[in-house]
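Below, each chain spelled out in residue letters.
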Amino acid sequence: MNKKSLKTLYKTGIVLLLVIVVAIIIVLKNKKKTDSGTSNAATDSSALLDLIVPQDSFVEITEIDTTTAKVPQADSLSEQIVSLTQEVLEDKASLPKTVLAKVNDEAITTSKFDSIFNSLPAQIREYFKDDKAGFLEELIVRQLLLQDARRKKIEETPEYKSAIAKNSGKAEEIMINVLVKKMVAGITLSEAELKKFFDQYKNQLPNKDYESVKEQIMPMAIEEKQRAVIEDYINQLKSSAKIVRNETWIKAQETLIVDNPLSKALKSGKPVVADFGRGTCIPCKMMQPILEKLQKEYEGKAEILIIDVSEYAALSRKYRIQLIPTQIFFDAKGKEIYRHRGFMSEANIVAQLKKMGIE
């Protein structure tokens, strides 16, 4: 699905970044989709080399446009892999200052981190400058994937041997690439699953007839199912891993992103609704007067926030915003309890607030 280049500013770098430097990204062929919404991921083993070649285009935060027939893209596998920042098993033992993390006793040192970070393109360094703790998470996930690829002897597979013969300098990228491709190979979608996907997004589609759009949304529904498989896989790796982080370093980095409206609101002791969007996004514009109205109506009861992803890139990344608008509901203790992607009507926002006990 073709998108305007203006959208590339804030998810820039996640795919290109780890292809060039961190070396785990699985770049899907023809990353920009056609207007019909089809996705052309390479499937033969010889295409592995193509999947790891750096691309000039960047991953984008997708906008849901209710004025067109385009369906919101499901997040690519590569975006999801590097965006997982859920809780990991942590050893509370302290680490030396020169070690930022250990993943099953394999160290990620400050020198390695700095070397990678300083070699990033300027745009990507800018993106991560206030979220280095998040970048460390990406390195941790990469290490977990690489370790599992080695355990499963991916280097002995025909796919790996074919790709490494063409690009011997990309061994780690290829190992992880093959590992993930094998995991999602053969995933299909039942009619019931496709219908469920349609029901989830139909309110954002100009054409709400299932039969007329089912072929268009099929590739995106499959990608979403693949993403779920990858998420489960990553969570399993994390649950069985011994991950030790340098908490002193992480806390120092996190102080760089606490000065934002959401962090302040979460400390207010009130429920919070945070709408992540951008002024150029049509459904975001449609939601702005609704949110401003609710801000007045719920004053003193709940915090209703309008957060521009162009102004708070690190915050958007922290909360894994990949499609705008996205609304996140937090309880009075600051815990996320509900998330919705796309336009959300006033009635639905009020209904969700009532479920949280707010009248």
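Just so you know, the residues in each chain are numbered from 1, in the order the chain's sequence is written. Since the coordinates come from a predicted model, pLDDT governs what is reported: local features require at least 70, and pairs of side-chain atoms require 80 or more to be given and counted, while whole-chain, interface and lining totals use all residues. Hydrogens are left out, water is left out, and the side-chain values use all remaining heavy atoms of the structure.

### Overview of the confidence of the model for the protein chain
On average, residues of the protein chain score 75 in pLDDT, and 73% of them are at 70 or above. The score called pLDDT rates the predictor's confidence residue by residue, from a low of 0 to a high of 100. Contacts: residue pairs with any heavy atoms within 4.5 Å of one another. Predicted confidence for residues 1–62 stays below pLDDT 50, and this span has 167 contacts to residues more than four positions away or in other chains. Counting contacts from residues 64–92, a segment whose pLDDT is below 50, to residues more than four positions away or on other chains yields 106 contacts.

### Looking at the environment of lysine 102
Tracing the sequence through the fold places lysine 102 in strand 2 (residues 99–103). With 141 residues separating them in the primary sequence, lysine 102 and isoleucine 243 have C-alpha atoms 5.7 Å apart. What lysine 102 contacts, discounting residues up to four positions off in sequence, is Leu95, Ala107, Lys242, Ile243 and Val244. Helix numbering and strand numbering both begin at the N terminus, where a helix is a DSSP run of H or I of at least 4 residues and a strand a DSSP run of E of at least 2.

### Observations regarding helix 6 (residues 132–151)
With 20 residues, helix 6 should reach 28 Å at 1.5 Å per residue; the first-to-last C-alpha distance of 29 Å fits that figure. Following helix 6 by one or two positions, lysine 153 has its phi on the positive side, about 55°. Expected helix span is given by 1.5 Å per residue-to-residue step, counting one fewer step than there are residues.

### Brief notes about the pairing of strand 3 (residues 106–109)
Of the pairings in the sheet, the one linking strand 2 to strand 3 comprises four bridges and is antiparallel in character. Opposite valine 103, over in strand 3, you have glutamate 106 as the bridge partner. By the convention used here, strands pair only if DSSP detects at least 2 bridges between them. Joining the antiparallel neighbours strand 2 and strand 3 is a turn of two residues, in which asparagine 104 adopts a positive phi near 50°.

### Some words on the pairing of strand 5 (residues 272–277)
A regular strand carries its side chains on alternate faces of the sheet. Most of strand 5 sits inside the fold, with six of its six residues counted as buried. Burial along strand 5 is two-sided: Val272, Ala274 and Phe276 facing one way and Val273, Asp275 and Gly277 facing the other are all buried. With six bridges connecting them, strand 5 and strand 6 (residues 303–308) associate as parallel partners. Note that in strand 6 the partner of valine 272 across the bridge is glutamate 303. As paired strands, strand 5 and strand 8 (residues 326–330) are joined by five bridges and run antiparallel to one another. Note that in strand 8 the partner of valine 272 across the bridge is phenylalanine 330. Partly exposed describes any residue whose relative accessible area lies between the buried limit of under 20% and the exposed limit of over 50%, with all areas from a 1.4 Å probe on protein chains only and scaled to the type maximum.

### A look at the sheet that holds strand 4 (residues 243–245)
Here we have three strands laid out as an open sheet, ordered 3-2-4, and antiparallel in their pairing. Both outer strands of the open sheet, strand 3 and strand 4, are each paired with one neighbouring strand and no more. Ignoring strand direction, the axes of neighbouring strands in this sheet form an average angle of 15°. Only the contacting stretch of a helix is used when fitting its axis, a line to C-alpha atoms as for every element, and angles between N-to-C directions run 0 to 180 degrees. The sheet strands contacting helix 4 (residues 110–118) are strand 2 and strand 3, and the helix crosses strand 3 at an angle near 55°.

### Examining the pattern of salt bridges
When the charged atoms of two side chains with opposite charge come close together, those side chains can pair. Salt bridge, as used here, is a side-chain nitrogen of Lys or Arg placed within 4 Å of a carboxyl oxygen of Asp or Glu. Counting across every chain of the model gives 18 salt bridges. A salt bridge links lysine 182 to glutamate 159, with the shortest nitrogen-to-oxygen separation between them at 3.3 Å. Here glutamate 159 lies in helix 7 (residues 158–166) and lysine 182 lies in helix 8 (residues 171–184), a separation of 23 residues in the sequence. By relative accessible area, glutamate 159 is classed as partly exposed at 24%.

### Some remarks on the packing of helix 4 against helix 6
Where helix 4 meets helix 6, the axes come as close as 12 Å, and the angle between the chain directions of the two elements is 105°. In terms of orientation, helix 4 and helix 6 fall into the roughly perpendicular class. Listed contacts from helix 6 to Lys112, Phe113, Ile116 and Phe117 of helix 4 are Lys132, Phe135, Leu136, Leu139 and Gln143. Within the contact of helix 4 with helix 6, the residues separate by chemical class into six nonpolar, one polar and two charged. In this scheme, roughly parallel covers angles under 35 degrees and roughly antiparallel covers those over 145, while 65 to 115 is roughly perpendicular and the rest are oblique. Note on residue classes: Ala, Val, Leu, Ile, Met, Phe, Trp, Tyr, Cys and Pro are nonpolar, Asp, Glu, Lys and Arg are charged, and everything else, Gly too, is polar.

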